[in-house]
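One letter stands for each residue in the lines below.
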Amino acid sequence: MKYAVVYWGCLMLFAILPVSEARDLFDSHIDYPSGIGPFSIAAGDLDDDGDLDLVTGNYGSDDFSVLINNGDGSFAMPVNYTVGSEPFSISLADFDSDDDLDVAVICETEVVFFIAKNNGDGTFIITGSYSHGTSYPKKADAADLDGDNDIDLAICLEMGNISVLKNNGDGSFATRVFYSIGGGFSWSVVAAHLGNAPIDLAVADFGSNEIAVLQNNGDATFGAPTRYTVGTSPFHITAADFDNDGINDLATANYSADSISILINNGNATFGSPIDYSVGEEPYSITGGDFDFDGDIDLIAANFASDNISLLVNDGAGYFSAAVNYSAGNGPASVCTGDFDGDGDIDLAVANRLSNDVSILFNTADPKIGPLIVVGYSPINLKVTDPLGNYIGKDAQGNLDQTIFNATYTEIVNDSINIPFPISGDYTIEVVTEDGTPPDAVYSIGIRIDGTEQCIVVEEAQVPATGVVTSYTYIVEDGWHYLNGDADRNDVVNILDIVYLINYKFKGGPAPYPPGAGDADCNLTINILDIVYLINYKFKGGPEPCAVGSY
């Protein structure tokens, strides 16, 4: 947590506050049967129909289950494929380079792992087994470790080692190569770009309360491990860019500490001290995704002993909210993400080891559309007014005026208005004839929204006479929603927003997103005046932020 001390006249505000607050983002879980004791889960389009299916590795029934998506986020009954004893980890990848997803299954009591190749329709055949060198392997990850455009494997071996196996290009694997992580029990591995080099490895060492980072030499050989302390008994590790600097950071799920640890990358595959956050009981699994559509990576932990998952929302700088918990099945052991219902947001799938099923939690956040771009072709000026009466446009003399935050008006070949964060409702597009325009001139207007949807509003219409207003209406659906002054976008304007803006303006914190959320006084900039405005509003009876409750 961070704190802020704010002075305003004789008023001193002191608060110890989380950087951001999680919102209620997921519906109640819907459960589907799997095999017995699913310990791992992965999502991918297995049958090439455009939606995401699921695979679970079932520790108790010595098989893996395929659950085919019906196209709406519901799933068919599982189809089970027998493999070795006690499947502990599964990885989905195109191992044989035939453009469909295959399955690698690592079984805890086997000295080999199994490859199940996809027939192209979501059915599978076991095609081979390959030695990783010892019994009691744990988690694995799949990635192109040697830069030859096929997918290799890194597998954790219990006694402080990992096994790296290069793909021969056809889904078969070369002889394993061992690497020591310099500790006790390597439990989980993630393959990710951690520096400027190729894909590196980071390993969670369950026995020593540390992680080990092994940098890739570029050919799937690895240097000596560098170790970092995390919480007690790290069971799982993941990588993502948490602080928005373009470089992957690391997060661990710490089984015995009921916490997660965040390690921010210094930019060269070295890491700062961990920052820990509490989650549910005995977190087994951790994964990331932008669940609230604010442009940064949030985290989900699956908590085995408390039968729930924890959501931690990122503030954009790599600091996270207190956990919000959502019920799952019994004994959540693994969680993966994907847009299972095709509505544009990121949902969750949880493998429940004790209830022998998969929980689906649909995301209730609203996916936000991209920019609204209005283009006028020929010698006209444009004026666009949003549903609240804010506008941007030019008059007949070419003078620009605007009250829409962050919008731009450009004149290169044609006049173009770009509104990055359109709100829902009716937009009015006015044609303003430039002085001196020939009376027989014609114009056209086109619209693009979200980078994809395009339409012609009008084509080759007669330019109106000077002083005559011609207007058109375009309706934006599912636009942005925010409150002016609600800098952290938790749907209420309070002291947290003052702290957020102070962090942004004076401590290098993340910018409000969309920018209008930080513009409390509606002067089209974010500066100290917005902080003063909010202090007046919250503590001195000043006016509320402009248009509050309207966006």
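Residues numbered from 1 in each chain as written. Predicted model: local features only at pLDDT ≥ 70, side-chain atom pairs only at ≥ 80, totals over all residues. Heavy atoms only, no water.

Asker: Go over the overall build of the chain with me, naming the residues and quoting the values.
Answerer: Each helix and strand in the chain was counted, giving two helices and 40 strands. The C-alpha atoms of the chain give 27 Å as radius of gyration, which agrees with the globular expectation for 551 residues (24 Å, within 12%). Expressed along its principal axes, the backbone C-alpha trace of the chain runs to roughly 85 × 60 × 45 Å. Looking at the 551 residues of the chain, the share that counts as buried comes to 54%. Summing over all exposed atoms, the chain offers an accessible surface of approximately 21,100 Å²; the carbon and sulfur share of this is 49%. Of the charged side chains in the chain, 18 are positive and 81 negative; the average position of the first set lies 9 Å away from that of the second. (Helix = DSSP H or I, 4+ residues; strand = E, 2+ residues; numbered from the N terminus. Rg over C-alpha atoms; globule rule 2.2 N^0.38 Å. Buried < 20%, exposed > 50% of the residue type's maximum accessible area, 1.4 Å probe, protein only. Areas by Shrake-Rupley, 256 points an atom, 1.4 Å probe, with all protein chains shown as cover. Lys, Arg positive; Asp, Glu negative; His and termini not counted. Charge placed at Lys NZ, Arg CZ, Asp CG, Glu CD.)

Asker: Tell me about the pattern of salt bridges, residues and numbers included.
Answerer: Think of it this way: side chains of opposite charge can pair up when their charged atoms draw near. Inspection of every chain in the model, using the stated rule, returns four salt bridges. The partner of Arg227 in a salt bridge is Asp205, and the shortest N-O contact between them spans 2.6 Å. With a gap of 22 residues between them, Arg227 in strand S19 (residues 226-229) and Asp205 in strand S17 (residues 200-205) connect regions that are remote in the sequence. Residue Asp205 is classed as buried on the basis of its relative accessible area of 0%. Here Glu210 ties to Arg227 by a salt bridge, and the two come within 2.7 Å at their closest N and O atoms. Of this pair, Glu210 sits in strand S18 (residues 210-214) while Arg227 sits in strand S19, and the two are 17 residues apart along the sequence. Linked by salt bridges that have partners in common, Asp205, Glu210 and Arg227 make up one network. (Salt bridge = Lys/Arg side-chain N within 4 Å of Asp/Glu carboxyl O.)

Asker: Give a description of the packing of helix H1 (residues 495-506) against helix H2 (residues 528-539) that names residues and reports values.
Answerer: One can describe the packing of H1 onto H2 by two numbers: an axis separation of 10 Å at closest approach and a directional angle of 165°. With respect to H2, the element H1 is oriented roughly antiparallel. Crossing geometry of H1 relative to H2 is assigned as left-handed. Mapping the contact onto sequence places Ile495, Asp497, Ile498, Leu501, Ile502, Lys505 and Phe506 in H1 and Ile528, Asp530, Ile531, Leu534, Ile535 and Phe539 in H2. In terms of residue class, the contact of H1 with H2 is built from ten nonpolar, no polar and three charged. (Axes fitted to C-alpha atoms, helices over the stretch in contact; angles between N-to-C directions. Parallel < 35°, antiparallel > 145°, perpendicular 65-115°, else oblique. Left-handed = near helix turned anticlockwise from the far one by under 90°. Contact = heavy atoms within 4.5 Å. Nonpolar A, V, L, I, M, F, W, Y, C, P; charged D, E, K, R; others polar.)

Asker: Outline H1, listing residues and values.
Answerer: Here H1 spans 16 Å end to end across twelve residues, near enough to the 16 Å set by a 1.5 Å rise per residue. Every buried residue of H1 is accounted for by Leu496, Asp497, Ile498, Val499, Tyr500, Leu501, Ile502 and Asn503. (Expected span 1.5 Å × (residues − 1).)

Asker: Mind laying out unusual backbone geometry, listing which residues take part and the relevant values?
Answerer: In this structure, Asp48 takes a positive phi of about 60° despite not being glycine. Residue class for Asp48 comes out exposed when judged on its relative accessible area of 64%.

Asker: Before we move on, can you summarise the pairing of strand S29 (residues 347-352) with the specific residues and values?
Answerer: Burial analysis of S29 places six of its six residues in the buried class, the great majority of the element. Here S29 shows a buried face lined by Asp347, Ala349 and Ala351 and a second buried face lined by Leu348, Val350 and Asn352. Alignment of strand S28 (residues 332-338) against S29, held across six bridges, turns out to be antiparallel. What sits directly across from Cys336, in S29, is Ala349. Judged from the five bridges that link them, S29 and strand S30 (residues 357-361) form a sheet pairing that is antiparallel. Opposite Val350, over in S30, you have Ser359 as the bridge partner. The turn joining S29 and S30, which pair antiparallel and follow one another in sequence, is formed by four residues; a positive phi near 55° is taken by Asn356. (Pairing = 2+ DSSP bridges.)

Asker: Give a description of the confidence of the model for the chain that names residues and reports values.
Answerer: Low pLDDT means the predicted atomic positions in that stretch should not be read closely. For the chain, the average pLDDT comes to 89, and 93% of its residues sit at 70 or higher. Below pLDDT 50 for its whole length, residues 1-21 participates in 49 contacts with residues either more than four positions away or in separate chains. (pLDDT = per-residue confidence, 0-100.)

Asker: Explain the sheet that holds strand S40 (residues 470-476) residue by residue, including any values.
Answerer: Within the open sheet, the five strands sit side by side as S34-S33-S32-S37-S40. Their pairing is antiparallel. The sheet is open, and its two borders are formed by strand S34 (400-402) and S40, each paired with just one other strand. Each strand of the sheet is rotated relative to its neighbour by a mean of 15°, with strand direction disregarded. Bridge analysis of strand S32 (residues 380-385) against strand S33 (residues 391-394) gives three bridges, and the strand direction is antiparallel. If you follow Thr385 over to S33, its bridge partner there is Tyr391.

Asker: How would you explain the side chain of Lys138 if you had to name every residue and give the values?
Answerer: Following the sequence through the fold, Lys138 ends up in strand S12 (residues 137-143). In this structure Lys138 touches Phe88, Ser89, Ile106, Glu108, Cys156, Glu158, Ser186 and Trp187, once residues within four positions along its chain are discounted.

Asker: Which residues make up the packing of aromatic side chains, and what values do they have?
Answerer: A complete count under the given rule lists 28 aromatic pairs for this structure. Seen in terms of ring centroids, Phe206 and Phe235 are 5.8 Å apart; in terms of plane orientation they differ by 85°. Their pairing is edge-to-face. Of this pair, Phe206 sits in the loop between S17 and S18 while Phe235 sits in strand S20 (residues 234-240), and the two are 29 residues apart along the sequence. As far as burial versus exposure is concerned, Phe206 and Phe235 are alike and both buried. Ring geometry for Tyr255 and Tyr284: centres 5.6 Å apart, planes at 45°, overall tilted. Remark: Tyr284 occurs in strand S24 (residues 283-289) and Tyr255 occurs in the loop between strand S21 (249-254) and strand S22 (259-263); sequence separation between them is 29 residues. (Phe/Tyr/Trp six-rings, centres within 6.5 Å; stacked < 30°, edge-to-face > 60°.)

Asker: Outline the sheet that holds strand S11 (residues 124-131), listing residues and values.
Answerer: Pairing is antiparallel across the open sheet formed by four strands, whose spatial order is S8-S9-S10-S11. Pairing within the sheet leaves two strands with one partner each, and these edge strands are strand S8 (87-93) and S11. On average, adjacent strands in this sheet sit at an angle of 20° to one another, irrespective of strand direction. Examined bridge by bridge, strand S9 (residues 102-107) and strand S10 (residues 112-118) share four bridges and lie antiparallel to one another. Counted as the bridge partner of Ile106 is Phe113 from S10.

Asker: Just give me the short version of a nonpolar patch on the surface, but keep the residues and values in it.
Answerer: Together, Phe506, Ile528 and Leu529 make up a nonpolar patch on the protein surface, roughly 320 Å² of accessible area in all. Given a relative accessible area of 47%, Ile528 falls into the partly exposed group. (Patch = residues over 30% accessible without salt bridge, like charges linked within 9 Å, V, L, I, M, F, W, Y side chains within 5 Å.)

Asker: Pulling in residues and values, what's your account of the side chain of Thr385?
Answerer: Of note, Thr385 is situated in strand S32. Judged by its relative accessible area of 15%, Thr385 falls in the buried class. When near neighbours in sequence (up to four residues on either side) are disregarded, Thr385 contacts Asn390, Tyr391, Asp426, Tyr427, Thr428 and Glu430.

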